[in-house]
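Structural overview
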Amino acid sequence: MRRPSALDISWVLVSFLFISVSNLFDWDFFLATMEIDLRGWFERGGPPHWSYQFCAGSPRAADPQSFGHSPLFLLAAVFGVFWGARLIWLLGLIAATLGWDRLLQIFYPQLSE
């Protein structure tokens, strides 16, 4: 496996800088739901199963967009909801970049020479 190039690193850094200062892409929704999940963990001491604060009550355990039951939610618990959500996004971006690089190596080995 090759080392990440300067282009790979700059792509990740520029994307993270853009996303960390923007309020686009429905961040308000994700920040609200992560805050509800975080309060569920810290106020009730367990994973949030139901939220009465959001949309007059919604099932958090059955919501596919809920991070309250995910190991990635530890980032939001440690760094706060604002930076935790962006770090979750950054981990996804790094995983996608490495996966794309690996696919290029498999299907186009002449590019990695």
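The structure we're discussing is the one just above.
This text gives an overview of the structure that appears in the document. Here the structure is a predicted model, which is why all the values come from computation and not from measurement. (Residues numbered from 1 in each chain as written. Predicted model: local features only at pLDDT ≥ 70, side-chain atom pairs only at ≥ 80, totals over all residues. Heavy atoms only, no water.)

**Some details on the pattern of salt bridges**
One pass over the structure, following the stated rule, counts three salt bridges. Put simply, Glu35 and Arg39 hold a salt bridge, and the shortest N to O gap is 3.1 Å. Of this pair, Glu35 and Arg39 both sit in helix 2 (residues 27–44), four residues apart, which is roughly one turn of the helix. Note on Glu35: relative accessible area 28%, which makes it partly exposed. For Arg39, a relative accessible area of 40% gives the class partly exposed. (Salt bridge = Lys/Arg side-chain N within 4 Å of Asp/Glu carboxyl O. Helix = DSSP H or I, 4+ residues; strand = E, 2+ residues; numbered from the N terminus. Buried < 20%, exposed > 50% of the residue type's maximum accessible area, 1.4 Å probe, protein only.)

**Considering helix 2**
Its 18 residues give helix 2 an end-to-end C-alpha distance of 25 Å, which sits within 8% of 26 Å, the value for a rise of 1.5 Å per residue. Of the positions making up helix 2, those classed as buried are Trp27, Leu31, Thr33, Met34, Ile36, Asp37, Leu38 and Gly40. Contacts from the buried residues of helix 2 go to helix 1 (6–21), strand 1 (50–51) and helix 3 (73–107). Positive backbone phi, at 75°, marks Gly45, one or two positions downstream of helix 2. (Expected span 1.5 Å × (residues − 1). Contact = heavy atoms within 4.5 Å.)

**Concerning the packing of helix 2 against helix 3**
Helix 3 packs onto helix 2 with a crossing angle of 165° between their chain directions and a minimal axis gap of 10 Å. With respect to helix 3, the element helix 2 is oriented roughly antiparallel. Remark: the crossing between helix 2 and helix 3 carries right-handed chirality. Taken together, the residues of helix 3 that come into contact with helix 2 (itself represented by Trp27, Leu31, Met34, Glu35, Asp37, Leu38, Trp41 and Phe42) are Phe73, Ala76, Ala77, Val81, Phe82, Ala85, Arg86, Ile88 and Trp89. Considered class by class, the residues forming the contact of helix 2 with helix 3 number 14 nonpolar, no polar and three charged. (Axes fitted to C-alpha atoms, helices over the stretch in contact; angles between N-to-C directions. Parallel < 35°, antiparallel > 145°, perpendicular 65-115°, else oblique. Left-handed = near helix turned anticlockwise from the far one by under 90°. Nonpolar A, V, L, I, M, F, W, Y, C, P; charged D, E, K, R; others polar.)

**Concerning the environment of Leu74**
Among the structural elements, Leu74 can be located in helix 3. On the accessibility criterion, Leu74 (57% relative accessible area) is exposed. A C-alpha to C-alpha distance of 18 Å links Leu74 and Leu93, two positions 19 residues apart in sequence.

Honestly, it's all geometry; don't read function into it.
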